Amino acid sequence: MPDRLDDLRSEAEAAIAQAGDVATLEDLRVRYLGRKSELTTILRGIRDLPPEERGPTGQAANEARQTIEQVLDMRREALESGELERRLAEDRVDVTLPGDPPWPVGRLHVINATRRDIEDVFVGLGFDVAEGPEVEYDYYNFEALNMPPAHPARAMQDTFYLSQQVVLRTHTSPMQVRAMELQPPPIYMVVPGRVYRRDSDATHTPMFHQVEGLAIDEDITLGDLVGVLREFARALFGPDRDVKVRSSYFPFTEPSVEVDVSCFACGGKGHLPDGSRDPLCKGSGWIEILGAGMVDPNVLRFVETNGYDPERVQGFAFGMGIERIAFLRHGIPDLRMLFENDLRMLEQFG
Ligand code: PHE
């Protein structure tokens, strides 16, 4: 019997040493030490043995049991720490890795991207950025801009009237007088924002965006306007751009000008390298980008009590369409595409 116990013990030890995981170890524990195991059967059978065999067999069986238990415990510990280490290694999280967003991060709409580019240029030139209301009083949208009721120039803009006195602003110019009411001169600011007109075709949308510019100080001239806009044109359209002004008309500027930038497609020549007419500038070499002028003294008179004495200060104003700038830079064929929110279109920009 002790021989059989020796065999059993070494068989168990070999099996335990081979066990690769805790579950296998548990099976071995049941097989070698469980209620139906050979060892348990031997231990139970001791009382039926001849008295002289009971002592040595019992001792040998108990020793075998203890040894197997010890070996099981040691192997379990080894396996468990190995498994823990493996799991720690597998589950390791590198907290220094960047996040993994569930959906690709979006981008700025081409209008907002263009708006920011425009703002950056003017902030760099010392202008502040301000915003104003889109639902506006007739007073700021027209009257204080030198367009009294029934002034024919009101017909230049197809206006959404909300009531006799309230409109959806047709341009960002109403912020000229609003800003001058809020701060005395000098003032250097740009005003980006939405504006509304009853227009809809490939080059007009009923809602669009403008950036107003206003600079009022002592000794400001049309030359300052041209210099500022030249910097702007070069920042947005390339270092070789030039600007020119053509005379125009706005009720709130005197003189008024349209500002053209030399064409960036043909370099101002009007024709392409193959000699054909440049379609972008229609062969003229110049592209119109905005309206501007010297602020009309009549406008300053609305805020004269806040320090805007037209005998002492003067300045320039300009207004540009953000869509037009974006359209020129990116060659967008139809302005309505900007607001259809088709991702295939929008993902090309920004
Ligand atoms: N507000 C004018 C427009 O929308 C543009 C403009 C602004 C012209 C400022 C002169 C000065 O057409």
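Computed from a prediction, not measured in an experiment: that's the story for all the values here. (Residues numbered from 1 in each chain as written. Predicted model: local features only at pLDDT ≥ 70, side-chain atom pairs only at ≥ 80, totals over all residues. Heavy atoms only, no water.)

## Digging into the pairing of strand S6 (residues 243-250)
Okay, step 1: Here seven bridges tie S6 to strand S7 (residues 253-262), and the two strands are oriented antiparallel to one another. Counted as the bridge partner of Val245 is Val259 from S7.
Okay, step 2: As consecutive antiparallel partners, S6 and S7 are separated by two residues. (Pairing = 2+ DSSP bridges. Helix = DSSP H or I, 4+ residues; strand = E, 2+ residues; numbered from the N terminus.)

## Let's talk about the site of the ligand
Okay, step 1: In the vicinity of the ligand lie 14 residues, with His171, Ser173, Arg197, Gln210 and Gly319 positioned nearest.
Okay, step 2: Burial of the ligand by the surrounding chains reaches 92%, relative to a free accessible area of 330 Å².
Okay, step 3: When atom positions are compared with the pocket grids, the ligand is found to occupy the largest pocket.
Okay, step 4: Breaking the shell around the ligand down by element, the ones donating at least two residues are strand S5 (207-217), strand S8 (286-295) and strand S9 (314-321).
Okay, step 5: The class makeup of the residues in the shell around the ligand is five nonpolar, seven polar and two charged. (Near = heavy atom within 4 Å. Areas by Shrake-Rupley, 256 points an atom, 1.4 Å probe, with all protein chains shown as cover. 1 Å grid on protein atoms, 1.4 Å probe; cavity = no way out; pocket = protein on both sides within 12 Å on 5 of 7 lines; lining within 4 Å. Sits in = over half its atoms within 2 Å of the grid points. Nonpolar A, V, L, I, M, F, W, Y, C, P; charged D, E, K, R; others polar.)

## Here's the deal with the packing of aromatic side chains
Okay, step 1: For the structure on display, the rule yields nine aromatic pairs.
Okay, step 2: Consider the rings of Tyr139 and Phe302, whose centres lie 5.8 Å apart with planes at 80 degrees: the pair is edge-to-face. Of this pair, Tyr139 sits in helix H6 (residues 138-141) while Phe302 sits in the loop between helix H9 (297-300) and S9; the two residues are 163 residues apart in sequence, bridging distant segments of the chain.
Okay, step 3: The exposure class assigned to Tyr139 is partly exposed, which follows from its relative accessible area of 30%.
Okay, step 4: Taken together, the ring pairs connect Phe122, Phe127, Tyr188, Phe232, Phe316 and Phe318 into an aromatic cluster. (Phe/Tyr/Trp six-rings, centres within 6.5 Å; stacked < 30°, edge-to-face > 60°. Buried < 20%, exposed > 50% of the residue type's maximum accessible area, 1.4 Å probe, protein only.)

## What about the pattern of salt bridges?
Okay, step 1: Scanning the model with the defined rule gives 18 salt bridges in all.
Okay, step 2: Measuring nitrogen to oxygen at the nearest pair gives 3.1 Å for the salt bridge that ties Asp117 to Arg329. Taken together, the residues span a long stretch of sequence, with Asp117 in helix H5 (residues 110-124) and Arg329 in helix H10 (residues 322-330) at a distance of 212 residues.
Okay, step 3: Judged by its relative accessible area of 31%, Asp117 falls in the partly exposed class.
Okay, step 4: Take Arg329: its relative accessible area is 30%, and that puts it in the partly exposed class.
Okay, step 5: Here Glu288 ties to Arg246 by a salt bridge, and the two come within 3.3 Å at their closest N and O atoms. (Salt bridge = Lys/Arg side-chain N within 4 Å of Asp/Glu carboxyl O.)

## Side note on the sheet that holds S9
Okay, step 1: Ordered by their spatial adjacency, seven strands build an open sheet running S1-S4-S5-S9-S8-S7-S6, and the pairing between neighbours is mixed. Of all the strands in the sheet, the pair left with one neighbour each is strand S1 (128-129) and S6.
Okay, step 2: Where strand S4 (residues 187-196) meets S5, ten bridges bridge the pair, whose relative direction is antiparallel. Note on S5: the bridge partner recorded for Gly193 is Gln210.
Okay, step 3: Sheet strands in contact with helix H7 (residues 174-182) are S4, S5, S8 and S9, and its direction is about 140 degrees off that of S4. (Contact = heavy atoms within 4.5 Å. Axes fitted to C-alpha atoms, helices over the stretch in contact; angles between N-to-C directions.)

## Remarks on the domain arrangement of the chain
Okay, step 1: You can read the domains of the chain as domain 1 (2-90) and domain 2 (110-346).
Okay, step 2: For domain 1 and domain 2, the distance between their C-alpha centres works out to 91 Å. (Domains from an automatic or database assignment.)

## Topic: the packing of helix H2 (residues 22-33) against helix H4 (residues 51-90)
Working note: a packed helix pair is described by the angle between its axes plus the distance between those axes.
Okay, step 1: Interhelical geometry of H2 versus H4 gives an angle of 170 degrees and a closest axis separation of 10 Å. The angle between H2 and H4 falls in the class roughly antiparallel. In this structure, H2 uses Val22, Leu25, Glu26, Arg29, Tyr32 and Leu33 to contact H4, whose residues at the interface are Arg65, Ile68, Glu69, Leu72, Arg75, Arg76, Leu79, Glu80 and Glu83.
Okay, step 2: The class makeup of the residues in the contact of H2 with H4 is seven nonpolar, no polar and eight charged. (Parallel < 35°, antiparallel > 145°, perpendicular 65-115°, else oblique.)

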